[in-house]
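What follows is the residue order along each chain.
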Amino acid sequence: MTQYLSKSIRYVTKTNGKKEEFNPEKLRKWSEFAAGKLNWSEIELEAVKRCYDGVPTRDLHKAMIAACIDKKDQAYSDMAGRLLLGMIYKQAHGGYHNIPSLLDFYNMSVSKGYWGKMDYTEEEIIEIGKIINHDKNLTYGYSVLRQMVDKYLVKDAINDVVFESPQFLFIGVAMKVMEIQPKDRRVEDIKRLYTYVSDLKINLPSPYLTTLRTKIKGSASCCLFRADDTAESLAIANYLAHEYTLNNAGIGVNLQTRATGQGVKNNRIVHGGLLPYLKWMETSVGASKQASRGGSATVTFTILEPDFEDLVRLKNPTTVSEKRVDKLDYSIVVNNAFLRRAAKGKDWMLVSYDEAPELYEALYKSEEEFEEVYEKVSRKRIKKKFVKARDLLAEIITQRAETGRIYIFFADNANKHTPFKDVIYQSNLCQEIFLPTKAFHNMTDLFTGENTEDQELALCFLSSIVAGRVTPEEYEDVAYYTVLTIDNVIETMQYPFKHNEITAKARRSIGVGITNLAHYLASNFVTYSDPYGKKLIHELAERHYYWLARASLRLAKEKGNAEWMHKTKWPEGWLPIDTYAKAVDDIGNFKLKMDWEGLRQDIIAQGGIRNSVLAAIAPNESSSLVSNTTNSVYPVRDTIVYKQSQKGNVLFIVPDYDKLKDIYQSAWDTPDKDMAEAYGLLTKFLDQGASCDKWIDYSKMEGGRLSIKSEMQYILQFAKLGGKSLYYLNSRTKSATSLAQEDEESGCEACKM
């Protein structure tokens, strides 16, 4: 075989551009290092077939990786990972045997500008260096290492060369996060955080992995803001969208303006409605590049809009270009009063915001309060029209199915099951964040920090805990270090505007989620449909939130309560077990296992906790790769998939494939009822929300057509169980081609984690 290889390739091109005679024995060393007990000769032959005489050595290395990935086999995927790790070591350190000490690496990285200088002595860095275990890299697998190379390791993006290896990334993040901790404990804090992150038990968001340790001081995960019906407020919103896109945040915006044809300035001007402002925002966020893609935003509008028929079709490719704004996503605000009318076939009133602002405000209140205002407005002599509520809901369902990216925001659920006293008007790009916002009216206030009571942009900071990798016994400590990490980032990050810094630090809103749920259930040999599986979900969700609350309480005692704790119900002893939808109790007889009443009394005694909110479940599409987990709380689409990103396809094989491949429940096979119940059980213990995906397999539907009736039933059940928002609607046809591709979340560097 050696003769065949040397005949196929006579020369190779080294990294420095010089050509040298091809030596098959060097290729053999790569193979033997990576292959273990596998047949490496087959991979060598296939790789050489893909190359040409004079091929760069790096391309030959990549060809071997590609040959492994094409096998779609776990063992060969592991071989690809080891080959990729060899490439990382070669580029970053000149080879595995040349890995430097942390002190040497730190000094080199600071001198070259790869890392920022941190406030540690040489003695501390030497001590911290003893923590690092580079052998962990061998346990990560291809998808983990591929995602690190593509997105997270410090690198020369133009020449595609990395400057650090994974363990230096993790220790660098831990060092930066804990830099502000008391000096008598911060080395131990670094050890704990490094261990949990490098063991892939804590999923940190993309902004942390890409910036912390560099000269950039972190960034928020999610940004939410509103605009009122004034030209200046709308202009400020557009400016904020542009600026926070540049800062890698996922954008959620509520643009509240009057309808098309309404008068402006005593009817001297005819208003153009929301459409022109949407086109403006699409241009602003689309022109700004995030770490790996252009920006994006989710725009929220309500079910009261007279322009609803045009707005709901903004993403549809069949919409005429003049009325199409398809680079943004859209979330539609509904409430239980609307859903009840839709279920009963009753009428619904559409009216412009300027005609009845009190009705728009009532959407976010209780159903009883809304009905009272609705009745008064319906009797007013103003411009309005009545349509069938069911027709509106059917159109939402149709557009969700055709685009996959029309979301639903359940206003009264969001404002009932929350510790906030202020109104929650919207969610974020990925629909898991629920924070109060108030429209800006004065641009200079952004920079001076004035009028924080009347204007507020909401920021949220994310992370996730990996279900199944964290034992019940260690959940308390893992939760504490997750919350501490985010809280320190809030304290030290660079904020684009003084106003946002003041409100973010006053609120200290965080969203710690759960990921890897599908693997957790499969490893317990249950599914989303099994009664015991639902019991496990309830227990996990309860444990998760309880220890987050305990962690925030501990931090409050160490560092103080959030300044705006008085704007929440925490001082009165609020807990999620007080306000969840009681219909969840019908799912199963699940008893509470944690000491909630003891927690309540401790919170009251402290006068609150460190953070206004604690929990939100993000989609985690990218983090499922970097941690080799099933993403978020979703069932798997398949046990072997190619996940798409701008960097190319990445092979992902579910954890414990050989052992559990027949146990995993597919998203396409999970009944709507069971998925809604899973979301309901999780939401019971969420003070924010979850990115709740749905799946449709048209091959299982009568005539291969969408059932409006079944979708309405799902939405009504979801709302009854306390659901706060519906996110993607994924679909596939008989050919098993997904209509909503399994790619990374568009535009959101943060929610991907």
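Residues numbered from 1 in each chain as written. Predicted model: local features only at pLDDT ≥ 70, side-chain atom pairs only at ≥ 80, totals over all residues. Heavy atoms only, no water.

Caption draft 1: Structural view of the overall build of the chain. Scanning the chain for helices and strands turns up 30 helices and 22 strands. Relative to the globule expectation of 27 Å for 753 residues, the C-alpha radius of gyration of the chain, 27 Å, shows essentially globular dimensions. Projected onto its principal axes, the C-alpha positions of the chain cover 90 × 65 × 60 Å. Within the chain, buried positions represent 62% of all 753 residues. In the chain, the share of contacts with a sequence separation of at least 24, taken over all contacts with a separation of at least 6, comes to 77%. (Helix = DSSP H or I, 4+ residues; strand = E, 2+ residues; numbered from the N terminus. Rg over C-alpha atoms; globule rule 2.2 N^0.38 Å. Buried < 20%, exposed > 50% of the residue type's maximum accessible area, 1.4 Å probe, protein only. Contact = heavy atoms within 4.5 Å.)

Caption draft 2: Examining the environment of A549 more closely. Among the structural elements, A549 can be located in helix α24 (residues 531–559). Along the sequence, A549 and Y480 sit 69 residues apart, while their C-alpha atoms lie 9.2 Å from each other. Beyond its immediate chain neighbours, meaning those up to four positions away, A549 contacts L599, I609 and L614.

Caption draft 3: Seen up close, the sheet that holds strand β2 (residues 19–21). In space, the three strands of this open sheet follow the order β2-β1-β3, with mixed pairing throughout. Strands at the two margins of the open sheet, each flanked by one partner only, are β2 and β3 (55–56). Two elements, strand β1 (residues 11–13) and β3, share two bridges in a ladder whose sense is parallel. By the bridge assignment, V12 is partnered in β3 with V55. (Pairing = 2+ DSSP bridges.)

Caption draft 4: Spotlight on the environment of F33. Mapped onto the secondary structure, F33 falls in helix α2 (residues 24–35). When the C-alpha positions of F33 and M79 are compared, they lie 8.8 Å apart, and in sequence the two are 46 residues distant.

Caption draft 5: How the structure looks around the packing of α24 against helix α29 (residues 672–683). Here α24 crosses α29 at 25°, and the two axes come no closer than 9 Å. By the angle between their axes, α24 is roughly parallel relative to α29. At the point where α24 passes α29, the crossing takes the right-handed sense. Residues K534, I537, H538 and A541 of α24 touch α29, and the partners they reach there are K673, D674, E677, A678, L681 and L682. Of the residues assigned to the contact of α24 with α29, the class counts are five nonpolar, one polar and four charged. (Axes fitted to C-alpha atoms, helices over the stretch in contact; angles between N-to-C directions. Parallel < 35°, antiparallel > 145°, perpendicular 65-115°, else oblique. Left-handed = near helix turned anticlockwise from the far one by under 90°. Nonpolar A, V, L, I, M, F, W, Y, C, P; charged D, E, K, R; others polar.)

Caption draft 6: Summary view of the side chain of N500. Assignment of secondary structure puts N500 in helix α22 (residues 498–507). Of the residues examined, N500 reaches a relative accessible area of 0% and is grouped as buried. Those residues in contact with N500, other than ones at most four positions away along the chain, are Y244, F440, L446, L457, L459 and Y495.

Caption draft 7: Broad picture of the packing of aromatic side chains. For the structure shown, the criterion picks out 31 aromatic pairs. For the pair Y244 and F497, a centre-to-centre distance of 6.2 Å together with 50° between the ring planes defines the contact as tilted. Highlighted residues: Y244 in helix α12 (residues 231–246) and F497 in the loop between α21 (475–492) and α22, separated in sequence by 253 residues. With a relative accessible area of 2%, Y244 lands in the buried category. (Phe/Tyr/Trp six-rings, centres within 6.5 Å; stacked < 30°, edge-to-face > 60°.)

Caption draft 8: The arrangement of the confidence of the model for the chain in detail. Chain-level pLDDT for the chain is 91 on average; 95% of the residues reach the 70-or-more range. Counting contacts from residues 735–743, a segment whose pLDDT is below 50, to residues more than four positions away or on other chains yields 23 contacts. (pLDDT = per-residue confidence, 0-100.)

Caption draft 9: Here's a closer look at the pairing of strand β20 (residues 694–697). Residues K694 and I696 point to one face of β20 and W695 and D697 to the other, with burial holding for every one of them. With four bridges joining them, β20 and strand β22 (residues 729–732) adopt parallel strand pairing. In the sheet register, I696 faces β22, and the bridge partner there is S731.

Caption draft 10: Expanded view of unusual backbone geometry. Even without a glycine there, the phi angle at L200 is positive, about 60°. Residue placement: L200 occurs in the loop between α10 (186–198) and β6 (202–203). Of the residues examined, L200 reaches a relative accessible area of 9% and is grouped as buried. In this model, R508 sits at a positive phi of 55°, which is unusual for a non-glycine residue. Inspection of the secondary structure puts R508 in the loop between α22 and β17 (510–515).

Caption draft 11: Examining helix α5 (residues 74–93) more closely. Look at α5: 28 Å from first C-alpha to last across 20 residues, which is about the 28 Å you get at 1.5 Å a residue. Regarding α5, its N-cap is D73, as a side-chain oxygen of that residue lies 2.9 Å from the backbone nitrogen of A75 further along. (Expected span 1.5 Å × (residues − 1). Polar contact = N/O pair within 3.5 Å; in protein donor to acceptor, adjacent residues only side chain to side chain.)

Caption draft 12: Here's a closer look at the side chain of H544. Looking at the element boundaries, H544 is found in helix α24. Beyond its immediate sequence surroundings of up to four residues, H544 is in contact with I465, Y475, V512, G513 and I514.

Caption draft 13: Broad picture of the environment of D412. On the secondary structure map, D412 appears in helix α19 (residues 411–416). For D412 and A337, which are 75 residues apart along the polypeptide, the C-alpha to C-alpha distance reads 9.3 Å. Ignoring anything within four residues of it in the chain, the contact list for D412 reads N335, N336, L363 and K365. In this structure the side chain of D412 is engaged in a polar contact, spanning 2.9 Å, whose partner is the backbone nitrogen of N336.

Caption draft 14: Looking closely at the nonpolar core. In this structure, I171, L255, L278, W348 and F461 are the most contacted members of the largest nonpolar core, which totals 250 residues. Broken down by element, this core gets its largest block of residues, 12 residues, from α24. Filtering out sequence-adjacent residues up to four positions away, F461 remains in contact with Y208, S219, A220, S221, I486, V489, I490, M493, Y495, S509, I510 and G511. A401, Y698, M701 and L729 belong to the second largest nonpolar core, which has five residues in total. (Core = buried A, V, L, I, M, F, W, Y, C linked by side-chain atoms within 4.5 Å.)

Caption draft 15: Expanded view of the pairing of strand β16 (residues 458–466). Among the nine residues in β16, nine count as buried, and that is most of the element. In β16, alternate side chains face the same way, and those of A458, C460, L462, S464 and V466 on one face and L459, F461, S463 and I465 on the other are all buried. The sheet contact formed by β6 and β16 spans two bridges and is antiparallel. What sits directly across from N203, in β16, is S464. Here β16 runs beside β17; their pairing, made up of six bridges, is parallel. Bridged to I465 within β17 is I514.

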